[in-house]
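Residue-level listing of the chains:
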Amino acid sequence: MLGITEIGVVRRPRIGLIVTGDEIQGADRSDGTLTEAAAASVFNSNLPMLASAVRGFGAEPIEATSSDDVDELRHRLMSMRTEADLVVTTGGISAGAFEVVRQTLEPDHSTFRRLDMRPGSPQGCGRFGTLPLIHLPGTPQGAFVAFHLFVGSVLTRKSLRQRWRKGILAGPGLRPHANAVTVRPGSFTESGEIRAAERARLPNFAAADVIIRIPRRTDSPHSPEELIAGTVIDYLEC
């Protein structure tokens, strides 16, 4: 209508995903010597899960795995410096005797903390040269929750505080934890309320419409012992 035949656009962000751990490396064998079930003690659910989540935010995933070898992880990061706008790693950041991501990147490149949040307490962030890094826990539930909370905030360019929405809990009741903020998957009812899943396992998150935020219980006399049906809750679509 205006006679404009070409416009400038911004390409989709490219998000590097590196799932770490010796226990999942068998899934990527291409020589036919080992099946996934025989070679891996843990199926690599994080990579397809996070790749799907990246696409859901309108970005393009670059998928990779790394063993618990420092040199291999460093090589993966080096190769992504020219490809990715952001790299997200899973695993290798907890309090074990040897955690490959921490061993490779702390303290020169990344900082690691434990948040008062369940699931998904171990977290980290940093830079590898000019490449931004976000480090998520290796447990699938923790990786799922942390991705939608923290990586989702980066991709939407909104703070997590801005992204929480208000809804009405349809039930069942949710009991706050004394030491941490907890989250539970949930689904919308036909009336638009939110029903919490009975459990917080990966299949429950996979089928969820939302992530429900359950505040930490405090010593205040106004702190509820349980969030009951009809309570106003914070939720995040996932």
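Rules and cut-offs
Residues numbered from 1 in each chain as written. Predicted model: local features only at pLDDT ≥ 70, side-chain atom pairs only at ≥ 80, totals over all residues. Heavy atoms only, no water. Helix = DSSP H or I, 4+ residues; strand = E, 2+ residues; numbered from the N terminus. Buried < 20%, exposed > 50% of the residue type's maximum accessible area, 1.4 Å probe, protein only. Areas by Shrake-Rupley, 256 points an atom, 1.4 Å probe, with all protein chains shown as cover. Patch = residues over 30% accessible without salt bridge, like charges linked within 9 Å, V, L, I, M, F, W, Y side chains within 5 Å. Salt bridge = Lys/Arg side-chain N within 4 Å of Asp/Glu carboxyl O. Contact = heavy atoms within 4.5 Å.

Caption draft 1: Seen up close, the overall build of the protein chain. When helices and strands are tallied, the protein chain shows seven helices and 12 strands. With the C-alpha coordinates aligned to their principal axes, the bounding extent of the protein chain is approximately 65 × 55 × 40 Å. The 238 residues of the protein chain split such that 42% are buried. For the protein chain, the accessible area works out to roughly 13200 Å², and carbon and sulfur atoms hold 49% of it.

Caption draft 2: The arrangement of the environment of Asp69 in detail. You can see Asp69 is positioned in the loop between β2 (60–66) and α3 (70–80). Residue class for Asp69 comes out partly exposed when judged on its relative accessible area of 36%. Sequence-wise, Asp69 and Glu198 are 129 residues apart; in three dimensions their C-alpha atoms are separated by 38 Å.

Caption draft 3: Structural view of a nonpolar patch on the surface. Taken together, the side chains of Met1, Leu2, Ile4, Ile7 and Val9 define a hydrophobic patch exposed on the protein surface, amounting to about 750 Å² of accessible area. Secondary-structure assignment places Val9 in the segment before β1 (14–20).

Caption draft 4: Here's a closer look at helix α2 (residues 46–56). For α2, every residue scored as buried is listed here: Asn46, Leu47, Met49, Leu50, Ala51, Ala53 and Val54. Turning to α2, the residues buried within the fold contact β1, β2, β3 (86–90), α5 (140–156) and α7 (202–206). Positive backbone phi, approximately 80 degrees, marks Gly58, located one or two places after α2.

Caption draft 5: Spotlight on the pattern of salt bridges. A complete count under the given rule lists 11 salt bridges for this structure. For Asp116, the salt bridge goes to Arg216, with nearest N and O atoms at 3.3 Å. Taken together, the positions of Asp116 in the loop between β4 (110–114) and β5 (117–118) and Arg216 in the loop between β11 (210–214) and β12 (232–237) put the pair 100 residues apart, joining distant regions of the chain. Note on Asp116: relative accessible area 46%, which makes it partly exposed. Residue classification places Arg216 among the partly exposed positions, given a relative accessible area of 36%. Arg165 serves as the salt-bridge partner of Glu237, at 3.0 Å between the closest nitrogen and oxygen.

Caption draft 6: Expanded view of the side chain of Ser153. Note that Ser153 resides in helix α5. What makes Ser153 buried here is its relative accessible area of 11%. Ignoring any residue separated from it by four or fewer positions in sequence, one finds Ser153 in contact with His148, Lys158, Ser159, Leu160 and Arg163.

Caption draft 7: Examining unusual backbone geometry more closely. Here the residue pair Glu106 and Pro107 is connected by a cis peptide bond, since its omega of 5 degrees sits within 30 degrees of zero. Looking at the element boundaries, Pro107 is found in the loop between α4 (100–105) and β4. Geometrically, the link from Gly171 to Pro172 is a cis peptide bond, its omega value of -10 degrees lying close to zero. Within the fold, Pro172 resides in the loop between β8 (165–171) and β9 (181–188). Positive phi values are uncommon outside glycine, yet Arg157 reaches one of about 55 degrees. With respect to the element layout, Arg157 can be found in the loop between α5 and α6 (160–163). According to the relative accessible area criterion, Arg157 is exposed, its value standing at 79%.

Structural measurements only, silent on function.
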